[in-house]
Each structure stands twice: as C-alpha cells, then as structure tokens.
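If you want the building blocks of each chain, they are given just below.
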Amino acid sequence: MRWWPSESRCGLAERRRILITGVSSYWGGRLAQALEGFEQAEAIIGVDEREPTRELERTEYVKVSNHHSLLSRIVRAAEIDTVVDTRLVVNSFAASPREAHENNVIDTMNILAACDGPESPVKRFVFKCSAHWYGCEQDDPAFFTEDMERKHPPRFAIERDIVEAERAVRDYAARRQGALVTILRCANVLGRDVETAYERILSLPALPMVLGFDPRTQFVHADDVVHALEHAVISDVPGVFNVAADGVLALSEVASLAGKLPLPILPPFGAGLVAQPLRRLGLRVPDEMWNLLRFGRGLDNRAYKATGFDYGFTSREAVLRFAEHMRLRKVIGDSDDAFHYDREVEEFLRWSPNVRREPSGEPTSEVQPPSL
Amino acid sequence: MTRSPVAPERTSLAALPAPGALARPRELLPAIEPDRRLDDWGRSERVEGVFDATLLEFFYKRWFRTEVEGIENVPSDGGALLVSNHSGALPPDAAMIAKAIREEHPNPRSLQITVEHFFKGYPGFSMLLPKIGCVAAHPANVHRLLYDERQLVLVFPEGRKGTEKLYRERYQLRRFGRGGFVEAAMRARAQIVPVCVVGAEEAAPIFAHVNFMKRVTGLLYFPITPAFPWFGPLGMLGYLPAKFKIRFLEPIDTADLGGPEAVADKALVQSVAQEIRSLIQDNLHEMVAKRKSVWFG
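None of these values were measured; they are calculated from a predicted model.

Engineer: Break down the overall build of chain A for me, citing the residues and quoting the values.
Structural biologist: Scanning chain A for helices and strands turns up twelve helices and 13 strands. The C-alpha radius of gyration computed for chain A amounts to 21 Å, which stays within 12% of the reference 21 Å derived for 372 residues, consistent with globular compactness. Seen along its three principal axes, the alpha-carbon backbone of chain A occupies a region of about 65 × 50 × 40 Å. Long-range contacts, defined here as pairs at least 24 residues apart, represent 81% of the contacts in chain A between residues at least 6 apart.

Engineer: Requested: an account of the overall build of chain B, with residues and values cited.
Structural biologist: Within chain B, the regular secondary structure consists of nine helices and ten strands. Taken against the 2.2 N^0.38 rule, which gives 19 Å for 297 residues, the C-alpha radius of gyration of chain B at 21 Å falls within 12% of a compact globule. The burial tally for chain B puts 40% of its 297 residues in the buried class. Within chain B, residue pairs in contact and separated by at least 24 positions form 75% of the contacts whose partners lie at least 6 positions apart.

Engineer: Can you explain the sheet that holds strand 11 (residues 239–243) of chain A? Please cite residues and give values.
Structural biologist: Residues and elements named next belong to chain A. Across the sheet, seven strands lie side by side as 3-2-1-4-5-6-11; this open sheet has parallel pairing. The open sheet is flanked by strand 3 (60–63) and strand 11, the only strands paired with a single partner. Each adjacent strand pair in this sheet contributes to an overall mean axis angle of 20°, direction not counted. Sheet analysis places strand 4 (residues 82–85) next to strand 5 (residues 124–130), joined by four bridges and oriented parallel. By the bridge assignment, Val-84 is partnered in strand 5 with Val-126.

Engineer: Let's hear about helix 1 (residues 45–63) of chain B: which residues, and what values?
Structural biologist: All names here are of chain B. The sharpest bend along helix 1 comes to roughly 45°, located at Leu-56. Within the sequence span of helix 1, burial applies to Asp-52, Leu-56, Phe-59 and Tyr-60. Contact partners of the buried residues in helix 1: helix 2 (93–104). Downstream of helix 1 by one or two residues, Arg-65 has phi in the positive range, about 45°.

Engineer: Break down helix 4 (residues 157–175) of chain A for me, with residues and values.
Structural biologist: Residues and elements named next belong to chain A. In this model, helix 4 (19 residues) spans 27 Å end to end at C-alpha, consistent with the 27 Å of a helix rising 1.5 Å per residue. Residues Ile-158, Glu-159, Asp-161, Ile-162, Val-163, Ala-165, Glu-166, Val-169, Tyr-172 and Ala-173 constitute the buried set of helix 4. Looking at the buried residues of helix 4, the elements they touch are helix 3 (97–114), strand 5, strand 6 (180–186) and helix 9 (287–294).

Engineer: Tell me about the confidence of the model for chain B, and please be specific about residues and values.
Structural biologist: Residue and element names in this part refer to chain B. Taken residue by residue, chain B gives an average pLDDT of 87. The fraction at 70 or more is 93%. Averaged pLDDT values for the elements of chain B fall to 84 in helix 5 (residues 160–164) and rise to 96 in strand 9 (residues 245–248). Note on residues 1–15: pLDDT under 50 across the span, and 33 contacts to partners over four residues away in sequence or across chains. Both scores are given for the predicted complex: the pTM is 0.87, the ipTM 0.87.

Engineer: Help me get a handle on the interface of chain A and chain B, residues and values and all.
Structural biologist: By convention, interface size is frequently given as the accessible area that disappears when the constituent parts associate. Of the residues lining the interface, 53 residues belong to chain A; the matching set on chain B comes to 41 residues. Counting residues per element, the ones that place at least two in the side of chain A that touches chain B are helix 4, helix 6 (222–234), strand 11 and helix 10 (302–306) of chain A. Of the residues that constitute the side of chain A that touches chain B, the class distribution is 20 nonpolar, 16 polar and 17 charged.

Engineer: Which residues make up the nonpolar core, and what values do they have?
Structural biologist: Counting 172 residues, the largest nonpolar core has B:Leu81 and B:Ile97 as the members making the most contacts within it. When residues in this core are grouped by element, the largest group, eight residues, is from helix 6 of chain A.

Engineer: Just give me the short version of the packing of helix 3 of chain A against helix 4 of chain A, but keep the residues and values in it.
Structural biologist: Residues and elements named next belong to chain A. At their nearest, the axes of helix 3 and helix 4 sit 9 Å apart, and the two run at 0° to each other. One element, helix 3, and the other, helix 4, form an angle in the roughly parallel class. Taking contact as the criterion, the partners of Pro-97, Ala-100, His-101, Asn-104, Val-105, Thr-108, Met-109 and Leu-112 in helix 3 are, on helix 4, Ala-157, Ile-158, Asp-161, Ile-162, Glu-164, Ala-165, Ala-168, Val-169 and Tyr-172. Grouping the amino acids of the contact of helix 3 with helix 4 by side-chain chemistry returns twelve nonpolar, three polar and two charged.

Engineer: Go over the packing of helix 1 of chain B against helix 2 of chain B with me, naming the residues and quoting the values.
Structural biologist: All names here are of chain B. One way to put it is that helix 1 packs onto helix 2 with a least axis distance of 10 Å and a crossing angle of 100°. Judged by the inter-axis angle, helix 1 sits roughly perpendicular to helix 2. Residue-level contacts link Asp-52, Leu-56 and Tyr-60 of helix 1 to Ala-95, Met-96, Lys-99, Arg-102 and Glu-103 of helix 2. Of the residues contributing to the contact of helix 1 with helix 2, the split by class is four nonpolar, no polar and four charged.

Engineer: Mind laying out the pairing of strand 4 of chain A, listing which residues take part and the relevant values?
Structural biologist: Residue and element names in this part refer to chain A. What you see with strand 4 is no split at all: Thr-82 and Val-84 on one side and Val-83 and Asp-85 on the other are buried throughout. Here strand 1 (residues 16–21) runs beside strand 4; their pairing, made up of four bridges, is parallel. Counted as the bridge partner of Ile-20 is Val-84 from strand 4. Crossover handedness for the path strand 4 to helix 3 to strand 5: right-handed.

Engineer: Hey, could you go over the environment of B:Phe212 for me, with residue numbers and the actual values?
Structural biologist: Within the secondary structure, B:Phe212 is located in helix 8 (residues 211–217). For the pair B:Phe212 and B:Asp52, spaced 160 residues apart in the sequence, the C-alpha separation amounts to 35 Å.

Engineer: Lay out the environment of A:Leu71 in plain terms, naming residues and giving numbers.
Structural biologist: Residue and element names in this part refer to chain A. Locating Leu-71 in the fold gives a position in helix 2 (residues 68–77). A count of 25 C-beta atoms within 10 Å places Leu-71 in the buried class. A sequence separation of 39 residues divides Leu-71 from Asn-110, and the C-alpha atoms of the two residues are 8.3 Å apart. Sequence-distant contacts of Leu-71, that is, excluding residues within four places in its chain, are made with Val-47, Val-64, Asn-66, Asn-110, Ile-111 and Ala-114.

Engineer: So what about the confidence of the model for chain A? Which residues, and what values?
Structural biologist: All names here are of chain A. For chain A, the mean per-residue pLDDT works out to 86, and 91% of the residues sit at or above 70. Per-element confidence in chain A is highest for strand 10 (residues 219–221), whose mean pLDDT is 96, and lowest for helix 8 (residues 271–280), whose mean pLDDT is 77. Considering only residues more than four positions removed or in separate chains, one finds that residues 1–12, a stretch of pLDDT under 50, has ten contacts. Across residues 360–372 the pLDDT falls below 50, and counting only partners more than four positions away or on other chains, this stretch makes 18 contacts in the model.

Engineer: Tell me about unusual backbone geometry, residues and numbers included.
Structural biologist: All names here are of chain B. At the junction of Phe-228 and Pro-229, the peptide bond is cis and its omega measures out at 0° in the coordinates. Here Pro-229 shows up in the loop between strand 8 (223–224) and strand 9. Here Arg-150, not a glycine, exhibits a phi torsion of approximately 50°, which is positive. Here Arg-150 lies in the loop between helix 4 (139–148) and strand 5 (152–155). The partly exposed category is assigned to Arg-150, around which 16 C-beta atoms lie within 10 Å. One non-glycine residue, Tyr-171, lies in positive phi territory at about 60°.

Rules of the game
- Residues numbered from 1 in each chain as written.
- Chains lettered and ligands numbered in written order.
- Predicted model: local features only at pLDDT ≥ 70, side-chain atom pairs only at ≥ 80, totals over all residues.
- Helix = DSSP H or I, 4+ residues; strand = E, 2+ residues; numbered from the N terminus.
- Rg over C-alpha atoms; globule rule 2.2 N^0.38 Å.
- Contact = placed C-beta atoms within 7 Å.
- Buried ≥ 20, exposed ≤ 12 C-beta atoms within 10 Å, placed from the backbone.
- Pairing = 2+ DSSP bridges.
- Axes fitted to C-alpha atoms, helices over the stretch in contact; angles between N-to-C directions.
- Bend = angle between axes of the 7 residues up to and from the residue.
- Expected span 1.5 Å × (residues − 1).
- pLDDT = per-residue confidence, 0-100.
- Nonpolar A, V, L, I, M, F, W, Y, C, P; charged D, E, K, R; others polar.
- Core = buried A, V, L, I, M, F, W, Y, C linked by C-beta atoms within 7 Å.
- Parallel < 35°, antiparallel > 145°, perpendicular 65-115°, else oblique.
- Right-handed = clockwise from strand over helix to strand, strands pointing away.

Rendered as structure tokens:
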C-alpha cells in the first residue's frame with residue numbers, strides 16, 4: 001500500500017499541502033516562516049484562535065477554534081497531507097492548569113479527530129512534544145532514550161497532560177496504519193524570544209540553585225527545534241525522537257557560561273513549604289522545575305541525528321547565544337517592532353491584482369492562490 | 001546544517017517503529033567540546049585531579065600502601081566491567097581500584113564507579129560524586145558506558161548489602177544481586193574482570209548500626225566505626241591503616257557466553273553470576289589466609 005505515486009518519491013518534487021496548528025504561537029509562527037521557503041510546499045495553512053504574531057508571506061491564516069468538525073472541513077477541503085501540531089503548552093506558568101489541560105489534551109484530541117477517518121487526506125502528522133514526558137526522578141538514567149517507558153506516574157498536572165497528549169497521538173498512529181507520525185520530544189529550549197522556564201531562571205540577576213545539588217542540564221536552541229520540525233515535515237521520519245543538543249551541562253557550568261552568580265538558596269527538601277514565600281519574593285519556581293533543579297535530565301539525541309538531522313548548536317553554544325541575547329536586551333530593551341496582524345492588509349497583499357509579484361526572488365511570487 | 005529536502009529511502013509502513021528499532025550508532029555520540037571542563041556525565045577532570053593528587057595519593061601510597069596483582073588483566077581498550085567485593089562504611093575500595101588502574105596500568109584509563117541512586121538525591125553527595133567519576137547504577141547508564149563509550153565500569157554486585165555488613169562478617173560475600181551485571185556485560189559484549197580487595201574491611205570496620213540516626217539523617221545507614229560519628233562527617237574518612245591488596249582476575253569474555261542474545265537465558269545469567277561470586281570468594285579466602293598481618297600484609 002502506497003500513499004503517494006512512486007515517481008514523486010524520486011527526484012520529482014512531491015507537493016505538500018501543510019496545515020500548522022497554533023500558527024500564532026511561537027513555534028507555529030516560526031515553523032510557518034521556515035516552511036515558506038520550502039518549494040515543495042504547495043499550500044501552507046495556519047489555524048489558530050488568535051491572530052498571527054509573526055509576519056507570514058504566503059501562509060494562509062484561518063481563524064478557527066480547535067473544534068474538530070471545523071478543522072476537519074478545512075483539512076478535507078484543502079486536501080491537507082501534512083499536519084504539524086506545535087501548540088503543546090510545556091510550562092506550567094504559561095497557562096493555568098485548566099487552560100493547559102484544555103489546550104494539551106482536549107484540543108490535541110480534536111485535531112487528531114479532524115485528521116482521522118477513512119477519507120481523511122492526512123498522510124503525515126508531526127507532533128511537538130516535550131522532554132517533560134520523561135518526568136524527572138531520582139532513579140532516572142543519565143540519558144533517556146526514546147524507547148524507555150516512564151517508571152513513575154506523572155507528578156504534576158502539566159506532565160500528566162503531556163503524557164496524555166502523546167498517548168493520544170500514539171493511538172492515532174496505531175489506528176492509522178500507513179500514516180507517518182513523528183513525535184519530537186524537545187529538551188529545554190533557549191532562544192531569543194521564546195519563553196521557557198530556564199529562560200526565566202537565567203534572566204534573574206543570579207542563578208538560584210538547590211543547595212548541595214548541581215544537576216545535569218541539557219538545552220536545545222530554538223532554531224534547532226524549528227529545523228527539527230521542518231526536518232520532520234520534509235523527510236519521512238516516523239517515530240518518537242528526542243530533540244536535544246549535544247552536550248549535557250552541569251547547572252554551575254551554565255551559570256558561568258551565562259555570566260551569572262550561582263546562588264544556592266533553594267532548600268534541598270520541603271519544596272512545598274518554601275514555594276509560597278519564594279513566590280512572594282518574586283521567585284516563582286514552576287512545580288516541574290524543582291526536580292529538574294535537583295536531579296537534572298539528559299537525553300540521548302542520536303536517533304534523530306541518525307535520520308539525517310544536524311544540530312546547529314550544542315547545549316553550550318545555546319547558552320552562550322542566549323547570554324548574548326540577554327546582554328543585548330539589557331542595553332536596547334525589548335525592541336517594539338512586534339508584528340501587527342491586519343486582515344485587510346494581508347488579504348490585499350495576497351490577492352490583489354495590483355500587488356506586483358516579481359518572477360523571482362520574492363517568496364510570494366510563484367505561488368498561485370490555492371483553489372479552495 | 002543539512003536539511004535535505006529529499007526524503008530518505010524508508011518504506012516502513014508501520015505507524016511507529018518498534019522500541020529498539022531506532023538506530024543509535026556510536027559515531028553519533030556527541031563529541032567532547034574542548035572548552036568544557038566537565039563531560040556529559042558531570043565528571044570534572046579538575047576536581048578529580050585535585051582529589052587524585054591529594055587525598056587518593058596519600059591513602060593509596062602512604063596510608064593503605066596498596067599492593068596490586070594482575071593489573072594486566074584490565075584491558076587497555078574497549079569496554080570492560082570490573083566486578084568487586086565491597087566493604088567499609090564509606091567504602092574506600094572503589095577509589096583505590098580506580099587509583100590502582102591510574103597508577104599501575106600501562107594505559108591509565110579512567111574508571112567509572114557505579115553508585116546507588118540514593119546519592120543523586122542527597123545534598124552534597126549529589127554535587128560531588130558525579131564530579132569524581134561516579135555514575136548511578138542504572139542498567140542504561142552501564143550499557144551506554146560499556147557499549148557506546150567503551151569505558152571501564154566498576155560495579156559492586158553486593159551493593160549496599162556489602163558495605164552494611166558488620167566487622168564480624170568480613171570477607172563473606174553477600175548475594176550478588178540478580179545477576180544484572182552479567183546481563184549488562186553480555187548486552188554490551190564487554191569483558192568482565194573480577195576484582196578482589198583485601199584490607200577495606202579492616203580499614204573501616206562497622207561495629208553496629210544506629211537505626212534511629214539513619215532515619216534522622218536520611219542516610220542509607222548510620223554505622224558506628226572507630227571514627228564515625230565521633231569526628232562528625234569527616235570521621236567517615238577516618239580509615240584505619242590496614243594494608244590494601246587488590247587482585248585483578250582474568251577477564252571473562254561475555255562473547256563466549258553467547259552475546260546479547262543469551263541475556264534471555266536467566267539460568268545462564270544466574271550461573272555466571274554465581275561463578276564469578278565464588279571465584280572472588282575463593283580468591284579472597286586465599287588472600288586472607290596468606291596475609292600475616294592486617295596492618296603490614
């Protein structure tokens with residue numbers, strides 16, 4: 001059973017019609033920008049409830065809630081063959097537990113339902129998951145490989161949601177034999193304007209550490225995550241993969257790379273008791289971080305590298321780059337050139353016959369409006 | 001960055017590859033960044049070097065006056081699993097074996113010492129132990145070290161049962177776990193080198209255990225030794241100057257046992273573990289019988 005005509009596999013461009021969920025989130029927006037340069041992408045459609053936060057050249061934005069009947073109509077009408085789901089909330093401070101559950105579990109199920117069914121055109125599903133899937137416990141191995149099962153039940157709501165969301169995607173993969181399902185479990189991300197737990201901790205004047213612990217910490221640069229998603233869309237790489245940069249650093253090493261003073265002020269025991277007073281002092285350590293700050297976590301990244309993916313940054317380089325961004329931000333502040341989405345302008349740019357589309361160079365040029 | 005737009009040849013139609021089907025070739029292990037002072041396990045050459053040049057040097061040469069036999073049985077390259085008897089409240093045997101290889105071996109390789117997961121959760125230990133080459137005794141860790149990184153790994157199959165035992169039970173090996181170390185070596189196609197250490201039992205004899213203090217301190221056990229707890233935590237290093245003798249026995253090649261496929265044969269695993277245990281036990285008895293004095297050898 002083949003999903004595609006054989007000649008498309010060799011040489012001749014295989015056209016892709018791609019749907020990106022959560023296109024207004026950081027990852028969705030960046031992936032859409034990256035895929036716009038990918039010639040074989042015949043159509044890129046981004047769905048989200050909010051308006052895009054990044055300037056997109058030819059990605060078509062559809063404002064829609066993650067309701068499966070609506071999504072399913074879009075998927076079928078546009079004959080989407082590749083769906084990329086990048087909306088997973090992986091930090092408990094980014095959303096209330098209720099919102100996170102709604103987003104991570106319920107919406108994932110809705111999206112999967114929209115891609116399911118006998119006449120669904122979807123052949124590829126890429127899911128951005130998180131290394132929080134593994135949790136963080138005292139008796140963990142030093143390097144998680146993708147085939148390890150977690151020994152302990154999830155401790156926190158956010159972990160539970162991530163585990164549940166991934167299970168839904170795996171069930172979908174089992175149900176839809178022949179579909180290429182890729183799950184990417186990303187390590188802690190550092191990057192220029194992505195908000196993560198480590199980004200917050202490293203932005204503090206000093207680096208809070210747990211007294212008597214120096215956990216092993218692994219990062220991945222935001223650009224590498226985008227490329228990893230791109231790689232999953234472009235190549236056929238079904239399976240579960242860890243996405244983590246080379247090199248596992250000790251947190252003290254991270255502190256010195258980032259030029260921060262390591263401050264062992266968090267007590268080794270009784271996290272629950274001190275969390276509240278610390279929060280009052282303005283230091284909020286997310287629940288899922290406490291164990292990471294004690295035991296640390298390392299991932300084996302060889303499986304994804306074996307599929308032909310190369311990382312642009314090591315963990316150390318990611319921290320160094322992040323330190324540069326922080327220093328720059330201290331001087332120039334948050335630059336306020338944020339993108340403002342305006343529906344009329346976007347429509348004019350895309351569809352108006354008066355917009356000059358040059359035959360080469362401009363990404364907008366060659367693309368014909370997809371016939372819906 | 002190579003982000004080839006050409007799809008690699010892959011005709012698998014299975015939704016998700018079965019566990020273990022993913023390729024993790026050795027060549028793709030992260031290279032060591034020259035600017036770093038620690039490796040990916042958290043080992044610090046600097047901290048280790050300081051330890052080695054001061055404390056270990058003193059204990060190895062002056063205090064325990066260690067004698068080594070059969071160092072040539074430690075392979076100069078490739079992964080090998082060293083299996084030793086274990087004793088002493090804060091066991092000095094592991095550090096002495098590591099030091100012996102660094103001092104006597106023609107290729108002074110570093111040795112990774114497996115320790116209980118407990119230490120990862122105890123403040124202080126958690127920070128220090130990885131820096132001096134200790135790794136939690138997880139089968140996946142041992143496999144990665146032996147197979148992927150081809151290192152020397154030291155295990156104590158007796159585990160805590162060995163270090164807890166009282167002075168009067170000295171040189172009587174405890175149960176050798178469930179043979180997990182044999183499985184690990186077979187999976188990694190690594191050699192097993194049995195090691196016998198004489199002297200550690202007398203260097204840190206345990207006279208009794210205090211269960212109440214064990215609960216209060218959260219330690220694995222709270223022993224009464226000649227120096228602990230009388231001199232506080234430092235008393236753990238208050239070893240008596242027993243004469244140390246380390247004997248490395250001939251390596252056992254797990255490839256001859258049937259390699260990774262034979263791991264499923266639990267009877268084989270158990271009998272090999274049993275054999276190694278009695279081999280070490282017999283050698284220990286012989287070494288103790290030959291010893292004229294605990295202090296002078």
